[in-house]
Amino acid sequence: MLRSGRPHDGRLQKVQQALWLGATVAQLYEITAIDPWFLEQIAGINALADEVRHATRLSPSLLRRAKGAGFSDLQLAALRGSREDVIRGVRHALGIRPVYKTVDTCAAEFPAHTPYHYSSYDAETEVQPREREAVIILGSGPNRIGQGIEFDYSCVHATLTLREAGYEAIMVNCNPETVSTDYDTANRLYFEPLTLEDVLEVIHAELEAGPLAGVICQLGGQTPLGLAARLEGRRGAAARARRPRPSTWPRSGVPSDRCSRTPDCRCPSTAWPAVPHEAEAIAARIGYPVLVRPSYVLGGRGMEIVYDASMLASYIERATEASPEHPVLVDQFLDDAIEIDVDALFDGEELYLGGVMEHIEEAGIHSGDSACALPPMTLGRHELDQIRESTLAIARGVGVRGLLNIQFALTGDRLYVLEANPRASRTVPFVSKATGVPLAKAAARIAVGETVAQLRADGLLPATGDAADLPVGAPMAVKEAVMPFGRFHGVDTVLGPEMRSTGEVMGIDADFGTAFAKSQSGAYSSGLPSSGRAIITVANRDKRSMIFPVKRLADLGFEILATQGTADVLRRNGLKTTVLRKNAEGIGPNGEPTTVGSILAGEVDLVVNTPVGTGARVDGYDIRTAAVVKGIPCITTVQGLAAAVQGIEALKTGRIGVRSIQEHQADLNQLWGR
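> Could you clarify how one ought to interpret helix H9 (residues 222–231) in this entry?
Think of an α-helix as 3.6 residues a turn; residues three or four steps apart then line up on the same face. Along H9, the residues that are buried comprise Gln222, Pro224, Leu225, Leu227, Ala228 and Leu231. Phi turns positive one or two residues past the end of H9, at Gly233, with a value near 90 degrees.

Structure follows, in structure tokens:
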């Protein structure tokens, strides 16, 4: 009960549990200061739940009262020791279904006609009949890390193009902070949760209203995609649910047998330990480092790169999911690999590569946190041909119609498939702006039966070519993640396989350096520095690859500061370097400063720190935290340092200019011949 006194995300659940356990409304009011009226409502929900649980049978009147109070079929099934589909079947047999009321956007001053609906277990529906065929689009639901506003972009563009094509676009979403839930975006909006029960009831309501072509599940991210398999075969839903054929592969990857059918492409070694102690033997067989994660995660939650057995043991101890019910997945980690993101369209026959993005950071950084460039900076024709062939094979293998996102890793000349999702990705808005091709609109048209060839003829896609052969003169675009570290002091800024970003920015210009510099000005309030002092402190594995970018940084006029180990390497390669003491060592006997002290004193303009493995983590954490406190750019990979050097070169040459996105789009249309 005491845990409900302080506001936090699980507070209402704690209040409800306290009432279950015998706390009174008066006691909770004293602790929480929540108005007794609200506490009484929660107590009433508990009382009704008790009545449902202990009733000899679930009578029609009791079932109707429970549904009217907001209990889902799944909750009622749990209370009765039954199954969700059984409760739903009984409810439908009794004719207990929700109706949909219209949100009164005019505050009762005059009749409202906005097609903006919410469900209620009332008697009369306000959904108006229609004659035109409709398509239901499932939105992205609540925004959270891993499920962002980028998916709403795809939903809105699909809605607009379907309306232009003559369909009635029906949006289902429950997030008021999105454009898709504006009352005038879709022909009709259902402000409902994205659960199977609620979506099935919306489908039923729309079937009653008029003809329904089907449901598009691939534009709102992982939440609606997770419903596709369960909607398959349902009346009104199957035509456009577009569930990929395999139904047992993990959410975060494609099955290895489908990868192995693709020439020159494979999947990293993967294993599921049946019990926690098996993970160590599997990791030893695969070879360290390994990527470990709980099964069925979103946004890379809980993922870590493990470099030795002791780190693995620590992870297994902390990961409560390490059990037969929620096993830990152990993946081969592809060290020093280039990660490539691909967004593609597939109509069942023809593939259109919408975007091929090369990540700036190495594989192992979550794609949502990694900066990337389009077109790719270092990929040649051979690699692009490999990517096209592998993407086509996977698209055919999983049976997708519409958008497909695949993440590849290139190590040497070997291409690996890291992950494939038959849905829109968070990079679709970036790719569409960078190439001038509206991918989400094209995907929606393919979902209702059109082909890539038809979309080329209509001008929605270029008449020839795609992102693998962008026209000469196409600009370079860089996507950079925006991190929330400035609002969460104390959170480590080092990047890894678990997604942490809360937004994205885009820089676009004629060359990579200028585009990267622009992206950094959006990601950091002050952007990249063009001069000053840079602290360089890197892990042993990065010392060789840091030499050339640091040398170029010195040539650009930066004073180089470093801890002893890094300074020794730089000095041996002819770089003048000032040694700083590690924070743990404290200020020297003659006043020699520490890394953290110099940052907090405002004497540093750029921080480069690359932690890895089990060493130097405490000192690195302090360095990165100090950089966040002072608002200084903090780079945690050598690849990021190399990109930053190119951006600083662009800043010093004065090549930074400003053009509107519309001007870039006009140039792209001219290059595409549209």
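> Explain the pairing of strand E15 (residues 402–411) here, please?
Sheet faces and side chains relate simply in a regular strand, where the side chains alternate between the two faces. Counted residue by residue, E15 has 9 buried out of 10 residues, so it is predominantly covered. Here 9 bridges tie strand E12 (residues 338–346) to E15, and the two strands are oriented antiparallel to one another. Within E15, the position partnered with Phe346 by the bridge is Gly402. Here 7 bridges tie E15 to strand E16 (residues 414–421), and the two strands are oriented antiparallel to one another. Its bridge partner being in E16, Thr411 is matched across the sheet by Arg414. Taking the residues between adjacent antiparallel strands as the criterion, E15 and E16 are bridged by 2 residues, where Gly412 takes a positive phi near 65 degrees.

> Explain the packing of helix H3 (residues 36–54) against helix H5 (residues 73–80) here, please?
Any two packed helices are characterised by the angle at which their axes cross and by the distance between the axes. Contact geometry for H3 and H5: axes closest at 8 Å, N-to-C directions at 55 degrees. With respect to each other, H3 and H5 are oriented oblique. Crossing hand, H3 versus H5: right-handed. Counting all contacts with H3, which are made through Ala49, Val52 and Arg53, the residues of H5 involved are Leu76, Leu79 and Arg80.

> Would you mind showing me how to read the environment of Leu351 here?
With respect to the helices, strands and loops of the structure, Leu351 is situated in strand E13 (residues 351–362). As a C-alpha pair, Leu351 and Thr391 span 40 residues in sequence and 8.3 Å in three-dimensional space. Residues within four places of Leu351 in sequence aside, it is in contact with Ala344, Leu345, Phe346, Arg388, Thr391, Leu392 and Asp466.

> For this particular structure, what's the right way to read the pattern of salt bridges?
Any two side chains of opposite charge can pair if their charged atoms end up close together. Considering all chains together, one arrives at 30 salt bridges under this definition. Residue Arg88 is joined to Glu84 by a salt bridge in which the shortest nitrogen-to-oxygen separation is 2.6 Å. Residue Arg88 and its partner Glu84 are located together in helix H6 (residues 84–93), separated by 4 residues, close to a single helical turn. For the residue pair Arg88 and Glu84, the accessibility class agrees, reading buried in each case.

> Looking at this model, I keep getting lost on helix H20 (residues 564–572). Mind explaining?
Within H20 the residues assigned to the buried category are Thr566, Ala567, Val569 and Leu570. Projected down its long axis, H20 shows its buried positions confined to an angular sector of 160 degrees, all on one face. Here the buried face of H20 lies against strand E19 (533–538), helix H19 (543–555), strand E20 (559–562) and strand E21 (578–579).

> Would you mind going over the nonpolar core with me for this structure?
Residues Leu162, Leu219, Leu345, Leu403, Leu439 and Leu461 are the most contacted members of the largest nonpolar core, which totals 44 residues. Here this core takes 7 residues from helix H16 (residues 439–447), the largest share from any one element. When near neighbours in sequence (up to four residues on either side) are disregarded, Leu461 contacts Leu345, Tyr352, Val437, Ala442, Val452, Leu455, Arg456 and Arg674. Ranked by size, the runner-up nonpolar core spans 32 residues in total, among them Met476, Phe558, Leu570 and Ala643.

> Would you mind showing me how to read the sheet that holds E21 here?
Picture the strands of a sheet paired through backbone hydrogen bonds; they go either parallel or antiparallel. Strand order in this open sheet of 5 strands is E21-E20-E19-E22-E23, and the pairing throughout is parallel. Strands at the two margins of the open sheet, each flanked by one partner only, are E21 and strand E23 (634–635). Here 5 bridges tie E19 to strand E22 (residues 606–610), and the two strands are oriented parallel to one another. Within E22, the position partnered with Ile535 by the bridge is Val607. The strands that H19 touches are E19, E20 and E22; relative to E19, the one it contacts most, it runs at about 175 degrees. Across the sheet, H20 touches E19, E20 and E21, and the angle it forms with E20 is around 135 degrees.

> Please clarify how the sheet that holds strand E3 (residues 134–138) should be interpreted in this entry.
Strand order in the open sheet formed by 6 strands is E1-E2-E5-E4-E3-E6, with mixed pairing between adjacent strands. Across the chains shown, the open sheet's two edge strands, defined by having one partner strand only, are strand E1 (99–102) and strand E6 (212–216). Direction aside, the axes of adjacent strands within the sheet are offset by 25 degrees on average. Sheet topology note: the E3/strand E4 (residues 168–173) ladder contains 5 bridges and is parallel. Across the sheet, Leu138 pairs through a bridge with Val172, a residue of E4. Lying over the sheet, helix H7 (residues 150–164) contacts E3, E4 and E6, oriented at roughly 175 degrees with respect to E3.

Reading the values: the criteria
- Residues numbered from 1 in each chain as written.
- Predicted model: local features only at pLDDT ≥ 70, side-chain atom pairs only at ≥ 80, totals over all residues.
- Heavy atoms only, no water.
- Buried < 20%, exposed > 50% of the residue type's maximum accessible area, 1.4 Å probe, protein only.
- Helix = DSSP H or I, 4+ residues; strand = E, 2+ residues; numbered from the N terminus.
- Pairing = 2+ DSSP bridges.
- Axes fitted to C-alpha atoms, helices over the stretch in contact; angles between N-to-C directions.
- Parallel < 35°, antiparallel > 145°, perpendicular 65-115°, else oblique.
- Left-handed = near helix turned anticlockwise from the far one by under 90°.
- Contact = heavy atoms within 4.5 Å.
- Salt bridge = Lys/Arg side-chain N within 4 Å of Asp/Glu carboxyl O.
- Arc of directions from axis to C-beta.
- Core = buried A, V, L, I, M, F, W, Y, C linked by side-chain atoms within 4.5 Å.

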